[in-house]
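Structural overview
These are the residues of each chain, in order.
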Amino acid sequence: MDLRIFTEPQQGASYDTLLTVAKATEDLGFDAFFRSDHYLKMGSVDGLPGPTDAWITLAGLARETKRIRLGTLMTAATFRLPGVLAIQVAQVDQMSGGRVELGLGAGWFEEEHTAYGIPFPKEKFGRLEEQLAIVTGLWATEPGKTFDFQGTYYDLKNSPALPKPAQRKLPVLIGGHGATRTPRLAARYADEFNIPFASLEDTARQFGRVRAAAEEIGRKADDLVYSNALVACVGKDDAEVARRAAAIGREVDELKLNGLAGSPAEVVDKIGRYAETGSSRIYLQILDLDDLDHLELIASQVQSQLS
């Protein structure tokens, strides 16, 4: 089971804070550092000092880290034109020496679009599908050849399809709870399918849909990695769990029901139950980015038991 650290910087984090967490992620032996791609806080937090851009952040971290994978859960297709996104991600992959992964989603948070003057189209899923076709098509085009695409939302003609990522095949993540279109899109384009904040039962059901969709198009279901994103709140005793839950404005019982919360033994046991659904990777949503002791505890008493 791979454990990855997943952050929500729109809730309030500077680049320096993210760099500190990313370096701790690397030093403590976690597999990857991922971040959300949002421009507006959610809930009652103040969000200070303000949003950071996901791909500018990852470009900086690409030069400041050496081992960990870097990526997004999820970049919003509404934020960037697909050709520009392909260039940005390929460049950051080169800057990292081939350690980048692209999580791409349709976009959903209308308020952040309104706040920063970003168009929020009604038909988002169709745009996402075309973006996936374009981004992966640009990267797959042989050097010296050009790429053309004519769709409902985007047209590309005689694109040199440059630059290329450092990786021969840069991993693409698709995720969500949709019962029909999402599994089909994952089967066609994804290297990894991620389901966020889902119960064991919903996880097993959605993984089954994705596996069936892959087999329907002649792809081996095991070609994909299956993963979960879950909030983490781990403590060496009940008092520490309660303190960490209070620090992120959550209740312990709710976190135990909907996330990975409790003692290291409790969390290891629950991760094992997710593994039984077919999950081989967990993105630990860390909401208090100043609590590096939390990461150290997870590394020493959770991750060590899983490896």
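Given the structure is predicted, the values throughout are model-derived calculations rather than measurements. (Residues numbered from 1 in each chain as written. Predicted model: local features only at pLDDT ≥ 70, side-chain atom pairs only at ≥ 80, totals over all residues. Heavy atoms only, no water.)

1. So, the overall build of the chain
Each helix and strand counted, the chain has 11 helices and 12 strands in total. By the compact-globule yardstick of 19 Å for 307 residues, the chain fits well, its C-alpha radius of gyration being 19 Å. Dimensions along the principal axes, computed over C-alpha positions, put the chain at roughly 60 × 45 × 35 Å. Counting across all 307 residues of the chain, residues that qualify as buried make up 54%. Of the contacts made within the chain by residues no fewer than 6 positions apart, 73% connect residues no fewer than 24 positions apart. Averaging the positions of the 34 positive and the 43 negative side-chain charges in the chain gives two centres separated by 6 Å. (Helix = DSSP H or I, 4+ residues; strand = E, 2+ residues; numbered from the N terminus. Rg over C-alpha atoms; globule rule 2.2 N^0.38 Å. Buried < 20%, exposed > 50% of the residue type's maximum accessible area, 1.4 Å probe, protein only. Contact = heavy atoms within 4.5 Å. Lys, Arg positive; Asp, Glu negative; His and termini not counted. Charge placed at Lys NZ, Arg CZ, Asp CG, Glu CD.)

2. Section: the pattern of salt bridges
Within this structure, the stated rule accounts for 20 salt bridges. Among the ionic pairs, K169 bridges to D191, the shortest N-O distance being 2.7 Å. Here D191 lies in the loop between helix 6 (181-189) and strand 9 (192-196) and K169 lies in the loop between strand 7 (155-159) and strand 8 (172-175), a separation of 22 residues in the sequence. Close ionic contact of E240 with R244 constitutes a salt bridge, the shortest N to O distance being 3.0 Å. (Salt bridge = Lys/Arg side-chain N within 4 Å of Asp/Glu carboxyl O.)

3. Observations regarding empty space enclosed by the protein
Under the definition given, this model contains one cavity of 30 Å³ or more. In this structure, the largest cavity spans a volume of roughly 60 Å³. The wall of the largest cavity is formed by A232, C233, R244, I248, I286, L287, D288, D291 and H294. Taken together, the residues of the lining of the largest cavity sort by class into five nonpolar, one polar and three charged. (1 Å grid on protein atoms, 1.4 Å probe; cavity = no way out; pocket = protein on both sides within 12 Å on 5 of 7 lines; lining within 4 Å. Points joined across faces, edges and corners; volume = space filled by probe spheres on them. Nonpolar A, V, L, I, M, F, W, Y, C, P; charged D, E, K, R; others polar.)

4. Let's talk about helix 8 (residues 238-247)
In an α-helix there are 3.6 residues to a turn, and that puts residues three or four apart on one side. Within the span of helix 8, buried status applies to E240, V241, R244 and A245. All buried residues of helix 8 fall inside an arc of 135° around its axis, so they share one side. Residues of helix 8 that are exposed and point over 90 degrees away from its buried face: D238, A239, A246 and A247. On its buried face, helix 8 is in contact with strand 10 (225-234), helix 9 (252-258), strand 11 (260-262) and helix 11 (292-306). (Arc of directions from axis to C-beta.)

5. A look at the environment of V45
Here V45 lies in the loop between strand 2 (32-35) and helix 2 (54-64). Once the C-alpha coordinates of V45 and Q11 are considered, the two residues, 34 residues apart in sequence, prove to be 6.5 Å apart.

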